[in-house]
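# Results of the structural survey
So you can see what is in the structure, the chains are spelled out below.
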Amino acid sequence: MLNIVLVLVFSIVMLLFMAYPSMKIADWLEAHHITPPSWHRWLVILLTILLSLMIGLFLKYA
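Counting starts from 1 at the beginning of each chain's written sequence and moves along it residue by residue. Local features in this predicted model are restricted to residues of pLDDT 70 or higher, and side-chain atom pairs are both shown and tallied only at a pLDDT of 80 or more, whereas totals for entire chains, interfaces and linings draw on every residue. Note that the side-chain values use all heavy atoms of the structure and ignore hydrogens as well as water.

Our focus in this paragraph is the packing of helix α1 (residues 2-14) against helix α3 (residues 40-61). Orientation is described by axes fitted as lines to C-alpha atoms, over the contacting stretch for helices, and by angles from 0 to 180 degrees between their N-to-C directions. Labels follow the DSSP assignment, with helices taken as runs of H or I lasting at least four residues and strands as runs of E lasting at least two, numbered in each case from the N terminus. Remark: α1 packs on α3, axes separated minimally by 8 Å, with the N-to-C direction vectors making an angle of 125°. One element, α1, and the other, α3, form an angle in the oblique class. Viewed along their axes, α1 and α3 form a crossing whose handedness is right-handed. In this structure, α1 uses Asn3, Leu6, Val7, Leu8, Phe10, Ser11 and Met14 to contact α3, whose residues at the interface are Ser52, Leu53, Ile55, Gly56, Leu57, Leu59, Lys60 and Tyr61. Each residue gets one label: Ala, Val, Leu, Ile, Met, Phe, Trp, Tyr, Cys and Pro are nonpolar, Asp, Glu, Lys and Arg are charged, and the others, such as Gly, are polar. Tallied by class, the residues present in the contact of α1 with α3 amount to 10 nonpolar, four polar and one charged. Just so you know how the angles are binned, under 35 degrees is roughly parallel, over 145 roughly antiparallel, 65 to 115 roughly perpendicular, and the rest oblique. Here is the rule for handedness: rotate from the far helix to the near one, and if that takes an anticlockwise turn smaller than a right angle the crossing is left-handed, while a clockwise turn gives right-handed. The contact rule is simple, with two residues in contact once any of their heavy atoms fall within 4.5 Å.

Set out below in structure tokens:
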């Protein structure tokens, strides 16, 4: 249980820093016609959360 809490604490800190890379990834996906433009907002939110969780896991276990 404590491991989950520590990963979430590390991830919350990284939410702000992962917003820019997720916007760039969503722009790239949209430019290459992989996703429609209407998904842009939701894709940025989802990518921000996923990237921050991955960084949180890395910080916890590295």
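Attention shifts here to the nonpolar core. Nonpolar core, defined: a set of buried Ala, Val, Leu, Ile, Met, Phe, Trp, Tyr and Cys residues in which side-chain atoms within 4.5 Å join the residues together. Each residue is placed in one exposure class: buried if its accessible area under a 1.4 Å probe, protein chains only, is under 20% of its type's maximum, exposed if it is over 50%, and partly exposed if it falls in between. In this structure, Ala26, Leu29, Leu43, Val44 and Leu47 together form the largest nonpolar core, which totals five residues. Of all the secondary structure elements, the ones that give two or more residues to this core are α2 (19-31) and α3. Among the elements that take part in this core, α3 stands out by supplying three residues, more than any other. In this view, leucine 47 contacts Ser22, Ile25 and Ala26; residues no more than four positions away in its chain are not counted.

Attention shifts here to the confidence of the model for the protein chain. A residue's pLDDT is the confidence the predictor assigns to it, expressed on a 0 to 100 scale. Overall, the prediction assigns the protein chain a mean pLDDT of 94, with 100% of residues at 70 or greater. By mean pLDDT, the top-scoring element of the protein chain is α2 (96), and the lowest-scoring one is α1 (91).

Right, let's talk about the side chain of serine 11 for a bit. Within the secondary structure, serine 11 is located in helix α1. Contact partners of serine 11, with chain neighbours within four places excluded, come to Ser52, Leu53 and Gly56.

Let's shift gears to the packing of α2 against α3. When two helices pack together, their arrangement is given by the angle between the helix axes and by the axis-to-axis distance. Contact geometry for α2 and α3: axes closest at 8 Å, N-to-C directions at 135°. Comparing their axes, α3 and α2 come out oblique. Here α2 runs over α3; the crossing is right-handed. Taking contact as the criterion, the partners of Ala19, Pro21, Ser22, Met23, Ile25, Ala26, Asp27, Leu29 and Glu30 in α2 are, on α3, His40, Leu43, Val44, Leu47, Thr48 and Leu51. For the contact of α2 with α3, the class distribution of residues is 10 nonpolar, three polar and two charged.

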